[in-house]
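Read off the chains here:
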Amino acid sequence: MRLVESKLLKIFSAVFALILVFSSTFTAAAASKSSLESQKNKIQQEINSSQKKIEALKAEKSKQTEYLSALQAKIALIQDKLDTLEDQRDALQNEITAIEAKIEKTEAEIKETQRRIEQKKQEFKKVYDTYCQRLRAMYISGNVSTLEMFLETGMDMSSILTRAEMVKQVSSNDKKTLDDLMEKMQEIEAERQALAEKKIDLDEDKAALDKQKKELQNSIDDIASSKRELDAEAAEANALIKSIDSKKSGIMETMEADRKKLAQIENELRNVNNSAQPVGNYVPGTGQLGYPTSYRGISAYYPAYPSGGYHGGVDFPCPTGTPVHAADSGYVTAAGWTNWGYGNYVMINHGNGMTTLYGHNSSVIVKVGQSVSKGEVIAYSGSTGNSTGPHVHFEVRLGPNLTRTNPLNYLA
């Protein structure tokens, strides 16, 4: 009997030891990330080409304006690269978050699978112990053959039939017990196989997570390096702007190269313009604008400087302290100093979707909410903010988004 139990135990142990290992491939890189990488490489090639042009022009001091234009073109490309890098960083961060969530889910599934395996092992052991007790009982009572049971002397037909039915039931119960054992064994093996596959997935996900974190750090380092390069190029461009201005006695505005800061400025301008309310009633403008200063000469037009850099308005050079006039009637939505490139500025909402902005003033004499009339003095010109000389920077903006447009289309 012990030999029977030993053989059964060996069979069950051998079945339990069979674990099939399946390999799966986790694809971490999305198509969008590949596209961003390609875009970044293309921009870098353009930056390298722009740098070659800069190096060629650097020796020719007489071509300062062309050199400035090349610098500004490179700055714009670096900004494009920064935008791409930041998109790439965000995409990597999203992938890392998704992988971490998947790892957490897999670890929970592994824990639950292990719990089920332990539960099924207990169920198996219970059935197995019952079956072993049954075998022991049969062994102790003597393993009399069915034929011997039927041929016992003195048994009538009724007794024989009764014993035959008992043997049939015992045999049926034994078969059911064995079937239950095999079913439990198969369930445990299936759970173990699932557990092994989950552990493989977990290892692959952890490896992918490490790889993505390294890529993320590389992207962050690249962003920091590109920002340093951008700051250096912008500083050189602004120094050159001031140098050109001092030689030509023109008026220029130094550039702000940080696109995020520029976007923040625009967002704040929209917020103050759309949230400010007039104090009392005001008279909306007609849409036909007067000049903001009596000086009509223009040093820089919309939408670009002669060097090619973007210019959002029109510049009127004039001595510091020259009166600055409201181009039309309306109410003041912003007035005073800002750390932005405008320095001391005024913004007037004229109603009908039109807003005007006056920058680089030496002082401002109106307040937010104040109603103003066309031609009324609102400030005095200066060179505050990003400016190389005294002038009035004048912008016309349309709609709630304050979209810039050419002021000369409205001046009369």
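Up top is the structure.
What you are looking at is a predicted structure, and each value in this text was computed from that prediction instead of being measured.

**Considerations on the overall build of the protein**
Step number 1: Secondary structure assignment for the protein yields 6 helices and 10 strands.
Step number 2: For the protein, buried positions account for 38% of its 412 residues.
Step number 3: If you sum the accessible surface of the protein, you get close to 22,500 Å²; carbon and sulfur atoms cover 54% of it.

**A closer look at the environment of Met 354**
Step number 1: Mapping Met 354 onto the fold places it in strand β5 (residues 354–361).
Step number 2: Taking the C-alpha atoms as reference points, Met 354 and Gly 399, separated by 45 residues in sequence, lie 6.4 Å from one another.
Step number 3: Here Met 354 is in contact with Gly 287, Leu 289, Ile 348, Asn 349, Val 396, Arg 397, Leu 398 and Tyr 410, once residues within four sequence places are set aside.

**Some remarks on the nonpolar core**
Step number 1: Ranked by size, the top nonpolar core spans 20 residues in total, and within it Leu 289, Val 346, Ile 348, Tyr 358, Val 372, Ile 378 and Phe 394 carry the most contacts.
Step number 2: Only β1 (314–317), β4 (344–349), β5, β8 (377–380) and β9 (391–398) provide two or more residues apiece to this core.
Step number 3: Per-element tally for this core: the top contributor is β9, with 3 residues.
Step number 4: Ranked by size, the runner-up nonpolar core spans 18 residues in total, among them Ile 103, Phe 124, Cys 132 and Leu 202.

**A look at helix α6 (residues 259–275)**
Step number 1: Compared with an ideal rise of 1.5 Å per residue, which puts 17 residues at 24 Å, α6 spans 24 Å between its outermost C-alpha atoms and is within 8% of the ideal.
Step number 2: What α6 keeps buried is the set Ile 265, Glu 266, Leu 269 and Asn 273. Taken down its axis, α6 places every buried residue within 95° of arc, on the same side.
Step number 3: Here the buried face of α6 lies against β3 (330–337), β4, β5, β9 and β10 (403–405).

**Examining the pairing of β8**
Step number 1: Here 3 bridges tie strand β2 (residues 323–325) to β8, and the two strands are oriented antiparallel to one another. Considered in β8, the bridge of Pro 323 is made with Tyr 380.
Step number 2: In this structure, strand β6 (residues 363–364) lies alongside β8, joined through 2 bridges in antiparallel fashion. Looking at β8, one finds that Ser 363 is bridged to Tyr 380.

**Comments concerning the sheet that holds β2**
Step number 1: Read across the open sheet, the 3 strands follow the order β2-β8-β6; overall the sheet is antiparallel. Each edge of the open sheet carries a strand with a single partner, namely β2 and β6.

**Observations regarding unusual backbone geometry**
Step number 1: With an omega dihedral of 5°, the bond running from Tyr 302 to Pro 303 counts as a cis peptide bond.
Step number 2: Even without being glycine, Asn 352 reaches a positive phi, approximately 55°.
Step number 3: Tracing the backbone shows Asn 352 in the loop between β4 and β5.
Step number 4: Judged by its relative accessible area of 70%, Asn 352 falls in the exposed class.
Step number 5: Phi angles above zero are rare outside glycine, and Leu 402 is one such case at about 55°.

**Here's the deal with the pattern of salt bridges**
Step number 1: Counted under the stated rule, the structure contains 16 salt bridges.
Step number 2: Residue Lys 81 pairs with Asp 222 through a salt bridge whose shortest N-O separation is 3.8 Å. Taken together, the residues Lys 81 in helix α3 (residues 64–141) and Asp 222 in helix α5 (residues 157–248) connect sequence positions 141 residues apart.
Step number 3: A residue is classified by how much of its surface remains accessible, and Lys 81, at 8% relative accessible area, is buried.
Step number 4: Ionic pairing is found between Glu 187 and Lys 120, a salt bridge with its closest N-O pair at 3.2 Å.

**A look at the packing of aromatic side chains**
Step number 1: Within the structure shown, the criterion is met by 4 aromatic pairs.
Step number 2: Geometrically, the ring pair formed by Tyr 358 and Phe 394 is tilted, given 5.4 Å between the ring centres and 50° between the ring planes. In this pair, Tyr 358 is assigned in strand β5 and Phe 394 in strand β9, connecting sequence segments 36 residues apart.
Step number 3: Residue classification places Tyr 358 among the buried positions, given a relative accessible area of 0%.
Step number 4: Over the face of the ring belonging to Tyr 291 we find Arg 296, whose NZ or CZ atom lies 4.0 Å from the ring centre.

**Points about the environment of Pro 323**
Step number 1: Assignment of secondary structure puts Pro 323 in strand β2.
Step number 2: When sequence neighbours within four positions are dropped, the list of residues in contact with Pro 323 reads Pro 292, Thr 293, Val 377, Ala 379 and Tyr 380.

Reading the values: the criteria
- Residues numbered from 1 in each chain as written.
- Predicted model: local features only at pLDDT ≥ 70, side-chain atom pairs only at ≥ 80, totals over all residues.
- Heavy atoms only, no water.
- Helix = DSSP H or I, 4+ residues; strand = E, 2+ residues; numbered from the N terminus.
- Buried < 20%, exposed > 50% of the residue type's maximum accessible area, 1.4 Å probe, protein only.
- Areas by Shrake-Rupley, 256 points an atom, 1.4 Å probe, with all protein chains shown as cover.
- Contact = heavy atoms within 4.5 Å.
- Core = buried A, V, L, I, M, F, W, Y, C linked by side-chain atoms within 4.5 Å.
- Expected span 1.5 Å × (residues − 1).
- Arc of directions from axis to C-beta.
- Pairing = 2+ DSSP bridges.
- Salt bridge = Lys/Arg side-chain N within 4 Å of Asp/Glu carboxyl O.
- Phe/Tyr/Trp six-rings, centres within 6.5 Å; stacked < 30°, edge-to-face > 60°.
- Lys NZ or Arg CZ within 6 Å of the ring centre and 35° of its normal.

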